[in-house]
Each structure stands twice: as C-alpha cells, then as structure tokens.
Amino acid sequence: MTAPKIAFLCGSIREGSINQRLQRALISRFEKAGAECFVADLGKYDLPLYNGDLDMPEAVKTLCKDLAACDGVVVISPEYNGGLPPLLKNAIDWTSTHDTTHFKENYWGIASCTPGPMSGIMCMRQVNYILMRVGCHVSPFQVGVGNASVAFDGDDELIAEPSSSLADKMMKDMLAHISK
C-alpha cells in the first residue's frame, strides 16, 4: 500500500508566522504516521487577485493539479479581524473556477493558530463553510490553537491541550478516511 499524500495549504506566507509553525507541527505528526507530505506554498503560485475577466492563469492550473495529486489537504489559516485571509480566499476562488476535482476527491482538514486565546474559531467556521460549499468532505475535528507563544515546545511540536489531542484526532480521522 502506498503512503497517503497530504497537501498542506497555509493562508499565511509571512516568515515567522505562527500558522507556518503550526503547519510544521502538523506535517511532523502526519509524517510520523506514515503520510507523505506536500507543502502547497501559496507564495510560490503567484495568483493574481480573482477577476472573472482574466484568462485562467497557469498558476491556478498548477495549484489544482498539485492538490488533485494528493489524497487529503490540510488548510492552516490565520484569523484576520475574525475572518480568513484574502490570500487563502483568493486561492479557493481561483481554483474553484478551473476544476473541482481537488475539492471533491480529497478529504480536508482545518487548523488555525492565534496569539490570543480564541484559537481562530471564527476563521475555521468560515473556511469550513466555504469548503463545504465547493463540495469538500471535511473532517469534523478541527485544530484550533490559541496562545501560540506557549503552544509549542522548543522543537516546534504542538504541546498545548486540547489542541494537541485535536491534531491527533484530525490526523487519524483523515488517514482512516483516505485508506477506505
């Protein structure tokens, strides 16, 4: 049996981002569980702002192809003023106009990390709603990480509870779903 391939799509491309840190922690867990991980770095796809009058950018086709080549996708998103960042929304909007295979045939997970105690709950709700609207199957276990400054150990492993347990539940749910 081949290892499941999981894409990681982070809504923050800022160097030093706490959501990039969460992404690394989740990748570590998935790799230890035997998954092959792929980082779909939105900063490298060079997606223009969505405009239906534009010709389909090659970067959109590449992103769709890259995600469709995976068995699952984990979206990690910061919360900006109670919502998801425009970078992530733009990627979803562009890719949904080209092809929906990557939405409908993958199993999706959602995670968010915030400096304060609220753990990105508003953003995760919005991401969940949007993903379900485009036909995604989404894990019921979402990983909200609040108080980021104390949520990770020195090796960037997620140690805060209940976030750490939720990360394990999401990972196990995704891998079980994919292996069916």
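For the structure, see preceding data.
Fair warning: this is a prediction, and the values are worked out from it, not measured in the lab. (Residues numbered from 1 in each chain as written. Predicted model: local features only at pLDDT ≥ 70, side-chain atom pairs only at ≥ 80, totals over all residues. Heavy atoms only, no water.)

Another aspect to go through is the overall build of the chain. A count of helical and extended segments in the chain gives 6 helices and 6 strands. Mapped in sequence order, the helices and strands of the chain form the string β-α-β-α-β-α-α-β-α-β-β-α. Projected onto the principal axes, the alpha-carbon positions of the chain cover approximately 45 × 40 × 25 Å. Buried residues in the chain amount to 49% of all 180 residues. Partitioning the intrachain contacts of the chain with sequence separation of at least 6 by distance along the chain shows that 77% fall at a separation of at least 24. For the chain, the exposed area adds up to about 8900 Å²; of that, 52% sits on carbon and sulfur atoms. (Helix = DSSP H or I, 4+ residues; strand = E, 2+ residues; numbered from the N terminus. Buried < 20%, exposed > 50% of the residue type's maximum accessible area, 1.4 Å probe, protein only. Contact = heavy atoms within 4.5 Å. Areas by Shrake-Rupley, 256 points an atom, 1.4 Å probe, with all protein chains shown as cover.)

The tally for this structure, following the rule as stated, stands at 3 aromatic pairs. Ring geometry for Y50 against W94: centres 4.9 Å apart, planes inclined by 70°, an arrangement best described as edge-to-face. Of this pair, Y50 sits in the loop between strand 2 (36–39) and helix 2 (58–68) while W94 sits in helix 3 (residues 86–98), and the two are 44 residues apart along the sequence. Note on Y50: relative accessible area 38%, which makes it partly exposed. Judged by its relative accessible area of 1%, W94 falls in the buried class. With 5.7 Å between their ring centres and 25° between their planes, F103 and W108 make a pair best called stacked. Looking at F103, the relative accessible area reads 1%, which means it is buried. Classification of W108 as buried rests on a relative accessible area of 1%. (Phe/Tyr/Trp six-rings, centres within 6.5 Å; stacked < 30°, edge-to-face > 60°.)

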